[in-house]
Amino acid sequence: MAQYDPFRELDRLASSLLDTRRGPRRMPMDLYRDGDHYVLTADMPGIDPGSVDIDVDGQLLTIRAERTLATGDGVKWITREREAASFLRQLNLGQGIDTERITANYTNGVLSVMIPVSEKAKPRKIEVTSDAEQPTITAHENRDEPQPVEQ
């Protein structure tokens, strides 16, 4: 059983009253490139996977999620520090992304979004040609006569 700490309760109350963030919360994320994909991972603990909404509009990727907390009838809270919240994150994908093949997975409170690089944006080798005439060397074999050798 947790002990009552009046200072902790006062701190929690002051924090909740002075908290001006009353809209969508930002979620911490990492973004890196791994070969032909960008990988975005975002911490979203306690989120119902069914509430996660990811959409792409042009080059704008938007991630939304909701955390709801269960409340029971007749429950007497001892302490309640977790809040229901909305989460929102938007990223401009820029050019060179294959937006048709973006995939996402939510496991153990972490959302992973795989963002593939388009074929046009992948590095490639360019063949170099020249319009200048190249000297042509041809060899003929004649078994009957000895060939002169230059020295």
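What counts, and at which threshold
Every chain is numbered independently, its residues counted from 1 as its sequence is written. Only residues with pLDDT of at least 70 get local features here, since the model is predicted, and only at 80 or more are side-chain atom pairs given and counted; chain-wide, interface and lining totals rely on the full set of residues. With hydrogens and water stripped out, all remaining heavy atoms of the structure feed into the side-chain values. Helix and strand assignments follow DSSP, with helices taken as H or I runs no shorter than four residues and strands as E runs no shorter than two, numbered in order from the N terminus. Note on classification: 1.4 Å probe, protein chains only; a residue is buried when its accessible area is under 20% of the maximum for its type, exposed when over 50%, partly exposed between these limits. What makes two residues a contact is simply this: any of their non-hydrogen atoms within 4.5 Å. Calculation of accessible area relied on Shrake-Rupley with a 1.4 Å probe; when residues are assessed, cover is drawn exclusively from the protein chains displayed. By convention a nonpolar core is built from buried Ala, Val, Leu, Ile, Met, Phe, Trp, Tyr and Cys residues, the set being connected through side-chain atoms within 4.5 Å. Any carboxyl oxygen of Asp or Glu that lies within 4 Å of a side-chain nitrogen of Lys or Arg is treated as forming a salt bridge with it. Whether two strands pair depends on DSSP finding at least two bridges between them. Axes here mean lines fitted to C-alpha atoms, for a helix over just the part in contact, with angles spanning 0 to 180 degrees between N-to-C directions.

Trainee: Before we move on, can you summarise the overall build of the chain with the specific residues and values?
Mentor: Within the chain one finds one helix and seven strands. When the helices and strands of the chain are placed in sequence order, the string is α-β-β-β-β-β-β-β. By residue count, 22% of the 151 residues in the chain fall in the buried class. Taking all contacts inside the chain whose residues are at least 6 apart in sequence as the whole, residues at least 24 apart take part in 52%. When the accessible surface of the chain is summed, it comes to about 12,600 Å², and 50% of that surface belongs to carbon and sulfur atoms.

Trainee: Tell me about the nonpolar core, and name the residues and values.
Mentor: Looking at soluble globular proteins, one finds that nonpolar side chains tend to be buried together. Formed by 19 residues in total, the largest nonpolar core has its most connected members in Met44, Ile47, Leu111, Val113 and Ile115. Secondary structure elements with two or more residues in this core: strand E2 (37-43), strand E4 (60-67), strand E5 (85-92) and strand E7 (110-116). Discounting chain neighbours no more than four positions away, the residues touching Val113 are Tyr38, Val39, Leu40, Ile54, Ile63, Ile102, Thr103 and Ala104.

Trainee: Hey, could you go over the environment of Gly109 for me, with residue numbers and the actual values?
Mentor: Within the secondary structure, Gly109 sits in the loop between strand E6 (103-107) and E7. Spatially, the C-alpha atoms of Gly109 and Asp43 are 6.2 Å apart, while their sequence positions differ by 66 residues. Non-local contacts of Gly109, meaning those with residues more than four positions away in its chain, are made with Ala42, Asp43, Met44 and Pro45.

Trainee: Just give me the short version of unusual backbone geometry, but keep the residues and values in it.
Mentor: The backbone of Asn108 sits at a positive phi, close to 50°, despite the residue not being glycine. Summarising the element assignment, Asn108 is placed in the loop between E6 and E7.

Trainee: So, the pattern of salt bridges: which residues are in play, and what are the values?
Mentor: Enumeration according to the criterion identifies three salt bridges in this entry. Across the pair Asp53 and Arg64 runs a salt bridge whose closest N-O atoms are separated by 3.8 Å. Of this pair, Asp53 sits in strand E3 (residues 53-57) while Arg64 sits in strand E4; the two residues are eleven residues apart in sequence, bridging distant segments of the chain. With relative accessibility at 36%, the residue Asp53 sits in the partly exposed group. Via salt bridges that share partners, Asp53, Asp55 and Arg64 belong to a single interconnected network.

Trainee: Outline the sheet that holds E5, supporting the account with residue identities and numerical values.
Mentor: Strands sit in the order E3-E4-E5 across an open sheet of three strands; the sheet is antiparallel. On the outer flanks of this sheet lie E3 and E5, each paired with one strand and no other. For this sheet, the mean inter-axis angle between neighbouring strands, taken without regard to orientation, is 15°.

Trainee: How would you sum up the sheet that holds E7? Please name residues and give values.
Mentor: The strand order across the open sheet built from four strands is E1-E2-E7-E6, with neighbouring strands paired in antiparallel fashion. Each end of this open sheet is capped by a strand with a single partner; those strands are strand E1 (29-34) and E6. Pairs of neighbouring strands in the sheet enclose a mean axial angle of 15°, with direction left out of account. Note: E6 against E7, five bridges, orientation antiparallel. Residue pairing for E7: Thr103 is matched across the bridge by Met114.

Trainee: Please give an account of the environment of Ala85 that cites residues and values.
Mentor: By secondary structure assignment, the location of Ala85 is in strand E5. When the C-alpha positions of Ala85 and Glu66 are compared, they lie 5.9 Å apart, and in sequence the two are 19 residues distant.

Trainee: Tell me what's going on with the environment of Glu119, and back it up with residues and numbers.
Mentor: Checked against the element boundaries, Glu119 lands in the segment after E7. It is 9.0 Å that separates the C-alpha atoms of Glu119 and Asp36, two residues lying 83 residues apart in sequence.

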